[in-house]
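Coordinates in review
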Amino acid sequence: MVVESIPPAVGSIYALLAFAALVWLWHSGRFTRRRAVPFLIISVLLGFLVFAPVFPYQLQGLVLRDAALLGAPLPMALIGTLAFIVLAFVFGRIICGQICPAGAVQEVMHLVPVKKYSSAESRVPVAVRAGIFVVFLAAGLGLGISVLGLLGLADFFNLTVASVSFFVFLGIVLLSAVVYRPFCRYICPYGTLLAPAASRGVYRLRRTDACINCRKCERACPTGAASPDHRLGECYLCGRCTDACPVEGALVYGRGR
Ligand code: SF4
Ligand code: SF4
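Residues numbered from 1 in each chain as written. Chains lettered and ligands numbered in written order. Predicted model: local features only at pLDDT ≥ 70, side-chain atom pairs only at ≥ 80, totals over all residues. Heavy atoms only, no water.

Now for the site of ligand 2. In the vicinity of ligand 2 lie 13 residues, with Cys 221, Cys 235, Cys 238, Gly 239 and Cys 241 positioned nearest. The cavity where ligand 2 resides is the second largest pocket. For the shell around ligand 2, the class distribution of residues is 10 nonpolar, 2 polar and 1 charged. (Near = heavy atom within 4 Å. 1 Å grid on protein atoms, 1.4 Å probe; cavity = no way out; pocket = protein on both sides within 12 Å on 5 of 7 lines; lining within 4 Å. Sits in = over half its atoms within 2 Å of the grid points. Nonpolar A, V, L, I, M, F, W, Y, C, P; charged D, E, K, R; others polar.)

If you want it as structure tokens, here you go:
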């Protein structure tokens, strides 16, 4: 469904502007899940309209060294991809939270009111994703195979319903109604790079002395990242914990640990 008349650069410009707006919302303490909804909707729409800014597919294009797939010169795409990893180190996984269309479509799907399967305490998703990352690199660098293409990431957003791959990613999206972000948590190669950066993030969610240790944030978190001993690599800055916290100022986004 990509509209050829809309330049893909629209996706990149949106990513930068949305990133700045979300950093401001988090930093000023104004971020709520309700305020995140417009970002999620626009991100999903841009995924379908211009197939951008779909960060994992950009990484796939770089691994294949395919400028046509990237829609941009390789050096420019490399700089953009690395820049958002640096931004994750400074501000956390804001792009995953609300900007990447692949993440946003799963976040929206998880709003469907059905019983949820929780894997919050499990290390399995990270281990599986690390294994898939090795396959992703080996297949791309060694054999020129697009793993994310086979999984239907592009076919889904291009609405290429005639391909089997379309239904693979459609299945992942449908699964995300029950499982929180299965693509991000079990598969995404870009997420594999962002997670360690975010786990050492300069700005992060942290508890203050006002915390009464009620653990409502931990129960609300779908990834286990709200636990005090978690390093926040799997925090998608979704806002469930801050929305659930009953004490103002007990859970804040700011510098330090
Ligand atoms: S983990 Fe990957 S797919 Fe998920 S939001 Fe982040 S970049 Fe996008
Ligand atoms: S609920 Fe969990 S994933 Fe969401 S912002 Fe809080 S710590 Fe991060």
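Moving on: the pattern of salt bridges. Throughout the structure, instances matching the rule amount to 6 salt bridges. Of the charged contacts, one joins Arg 93 and Glu 234 as a salt bridge, the two residues approaching to 3.7 Å between their closest N and O atoms. In this pair, Arg 93 sits in the loop between helix 5 (74-91) and helix 6 (94-99) while Glu 234 sits in the loop between helix 14 (216-220) and helix 15 (240-244), placing the two residues 141 residues apart along the sequence. With relative accessibility at 1%, the residue Arg 93 sits in the buried group. For Glu 234, a relative accessible area of 5% puts it in the buried group. Salt-bridge contacts for Arg 207 lead to Glu 218; the nearest nitrogen and oxygen are separated by 2.6 Å. (Salt bridge = Lys/Arg side-chain N within 4 Å of Asp/Glu carboxyl O. Helix = DSSP H or I, 4+ residues; strand = E, 2+ residues; numbered from the N terminus. Buried < 20%, exposed > 50% of the residue type's maximum accessible area, 1.4 Å probe, protein only.)

This paragraph deals with the packing of helix 1 (residues 9-27) against helix 5. It is the contact of helix 1 with helix 5, at a shortest axis distance of 13 Å, that shows an interaxial angle of 5°. In terms of their interaxial angle, helix 1 and helix 5 are classed as roughly parallel. Together, Ala 15, Leu 16, Phe 19 and Val 23 of helix 1 and Phe 84, Leu 87 and Phe 91 of helix 5 make up the contact between the two elements. Partitioned by chemical class, the residues of the contact of helix 1 with helix 5 number 7 nonpolar, no polar and no charged. (Axes fitted to C-alpha atoms, helices over the stretch in contact; angles between N-to-C directions. Parallel < 35°, antiparallel > 145°, perpendicular 65-115°, else oblique. Contact = heavy atoms within 4.5 Å.)

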